[in-house]
Amino acid sequence: MYTLLERFPRLSELRVKDSSFEEIFPSPIVHQIQQLHNLTVLKVSQCHRLIYLMTNSAAKSLVNLETLEIDDCNKMEKIVKNENNDDVEGGITFCVLRRLKLNSLPRLKAEEHKTDFNIEDPATNNHKVSFPGLEILELYSLNSLVPLIWDDKPSHNSFSNLKTLSVSSCDIVKLVPLHVLKYLNNLEELEVKFCDMLETVFYFEDLNDYKEIVSSSMAVPLKELRLIYLPKLKNVLAPSICHQNQIEEIIPRQEEDNEDTEIIFSKLELLELDGLPRLKRFCSQNYTFKFPLLQSVTITECPQLTTFCSGAIHAPQLQNVRVTRAREESHIDIWMNDLNTTIQRRFTIQEVISTTKSMALNAKNITMIGDVFPRVRALYVESFTDKGVTFPYSFLERFPKLDKLYVEHSSFGEIFPSQDQILDFMGKIPPFEELHIAYLDQLKSTWKDDSQLPPIHQNLIKSLEVESCHSLVKLAPSSASFQNLWYLSISRCHQLVYLVTSSTAKSLMSLECLRINDCKKMEEIVLNENNEGVEGGITLNRLRWIELIDMPSLKMIVGNTRVV
């Protein structure tokens, strides 16, 4: 690499991909590489022997670096390594770095109150990395509990110019602490999506932070806030998890004071909340929220968000509020100045209008439903959380035109009873074509498996999606036949050891797309139940797309059976 850099004295952009380099900028000669001063762009990807990106000497030489991207480096543990374990006088400052992207670095981790990116030695505060000019920060597919970019005591100018923060598919539990938020004076856009572990976005870590926020106003400079598909998100603003018990003891004594606490999103114009199944409120505390410039709010697939927050809301410029249960649902706008009233009104309207094409059936409104809904094509059965609750199968006959059935966020142990248990309903339940099942923590099997008859409905279903059913041990009994199924997707079902039996697999003559993602215990796709060759094998003539992601236990597609 040193020879290469020597031959291109004016090199300004360096991309290193799929290499076996153990070092990009070798330590003994880094001071001789004058070309480092000319580099403005550095992109490193698929370099699986790199344990660190650069030494502190190399970092101090990259004085004109504007873009840094690191992608898919399996062994990288540190970005900047202190080669002599000595204090670095003045720290390391990437003065002109504008864009930083970190993606798929599984060993780059940060524990709470220690970040490998910023401090080499926890006992030393001099070897720090700061980004006074950073404008775009992108964090993708990282395993840290907290973002490894934050320092316990960031300098006042470290992130003062940050405008865009994008976080996706990271295993973080909490995102932005209050002591960092105070320095993000120019942050305009925050997007967080597909983070399965995230429970809170903004948090305060200790009692001093808490006292500061309840005794004064706090301004958040965001213009756009997008929170998308965060299955464990409970609050947008909350105490740190490690201090939760302490804070809960103090909050009751501060309840009256909380009413005077103001959180001001002074520049926020757009708010989007999408796919947040556990979110009940924007904030659980009785704070006053002010949105002086907020114009548009979109809330999609947030089934438990029936009120925005406990305190007062001021949004004088609000012009457009959309609250829907699904992305494909027709555009419905309900505008009022009060977000709480708007959200509550949307849920009420959803329960009583019989002309709508989509509807929700939950434990509260099911007792009030006595009519037939002839136009409903998409039905959401959700929020049945009582212990031992059974799926309200008989109610399906009230939706004769039903095409899509969504069963989500409930405690059902199974969904469909066996065929011989529901003879009275034969011909009355609509033959829906799409079935979506998600977040059923108690679900053991989708179809009841105590009958000699084939299970109901499965022979007409064309699309089947099952997601985050952590107790599911059997998708369908051996007698199931999916003759019309063309799309099958299973994700985050960690108790499934196999997908279907060989008997069921032989019926998948229409299957075109198969997707299995993050099923930790799945060992094989097709289980040969008799451990014998299946006569004629299994032929999937129409299968054109198969995707298998994050399946560490997978040993084979099918045991002792030929699949064509």
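Everything quoted here is computed from the prediction, not taken from an experiment.

What about the packing of aromatic side chains?
Logical step 1: Per the stated rule, a full pass over the model turns up 20 aromatic pairs.
Logical step 2: When the ring of F282 is compared with that of F308, the centres are 4.8 Å apart and the planes differ by 15°; the resulting orientation is stacked. Residue F282 is located in the loop between strand 20 (270-274) and strand 21 (288-290), and its partner F308 is located in the loop between strand 22 (296-300) and strand 23 (313-314); the two are separated by 26 residues in the primary sequence.
Logical step 3: A centroid spacing of 6.2 Å and a plane angle of 70° characterise the contact between F391 and F416, whose relative ring orientation is edge-to-face.

Remarks on the sheet that holds strand 21
Logical step 1: Taking strand neighbours across the sheet as the criterion, the 4 strands line up as 16-19-21-23 in an open arrangement whose pairing is parallel. Both outer strands of the open sheet, strand 16 (218-220) and strand 23, are each paired with one neighbouring strand and no more.

So, the pattern of salt bridges
Logical step 1: For the structure shown, the criterion picks out 19 salt bridges.
Logical step 2: Across the pair E135 and R98 runs a salt bridge whose closest N-O atoms are separated by 3.8 Å. One end of the pair, E135, is in the loop between strand 10 (129-130) and strand 11 (136-140); the other, R98, is in the loop between strand 6 (92-93) and strand 7 (99-103), with 37 residues separating them in the sequence.
Logical step 3: Between D518 and K520 there is a salt bridge; the shortest N-O distance is 2.1 Å.
Logical step 4: Put simply, K43, E69, R99 and E138 are held in one network by salt bridges that share partners.

Notes on the pairing of strand 12 (residues 164-168)
Logical step 1: For strand 12, the buried fraction is high: 4 of the 5 residues fall into the buried class.
Logical step 2: By the bridge criterion, 5 bridges tie strand 11 to strand 12 in an arrangement that is parallel. The residue of strand 12 that forms the bridge with Y140 is S168.
Logical step 3: Note: strand 12 against strand 14 (residues 189-193), 5 bridges, orientation parallel.

Here's the deal with the confidence of the model for the chain
Logical step 1: Considering every residue of the chain, the mean pLDDT works out to 77; 73% of them sit at 70 or more.
Logical step 2: Contacts for the low-pLDDT stretch residues 118-127, under 50 throughout, to residues beyond four places or in other chains number 30 contacts.
Logical step 3: Contacts of residues 349-355 to residues separated by more than four positions or lying in other chains number 15 contacts, the stretch itself having pLDDT below 50.

Rules used throughout
Residues numbered from 1 in each chain as written. Predicted model: local features only at pLDDT ≥ 70, side-chain atom pairs only at ≥ 80, totals over all residues. Heavy atoms only, no water. Phe/Tyr/Trp six-rings, centres within 6.5 Å; stacked < 30°, edge-to-face > 60°. Helix = DSSP H or I, 4+ residues; strand = E, 2+ residues; numbered from the N terminus. Pairing = 2+ DSSP bridges. Salt bridge = Lys/Arg side-chain N within 4 Å of Asp/Glu carboxyl O. Buried < 20%, exposed > 50% of the residue type's maximum accessible area, 1.4 Å probe, protein only. pLDDT = per-residue confidence, 0-100. Contact = heavy atoms within 4.5 Å.

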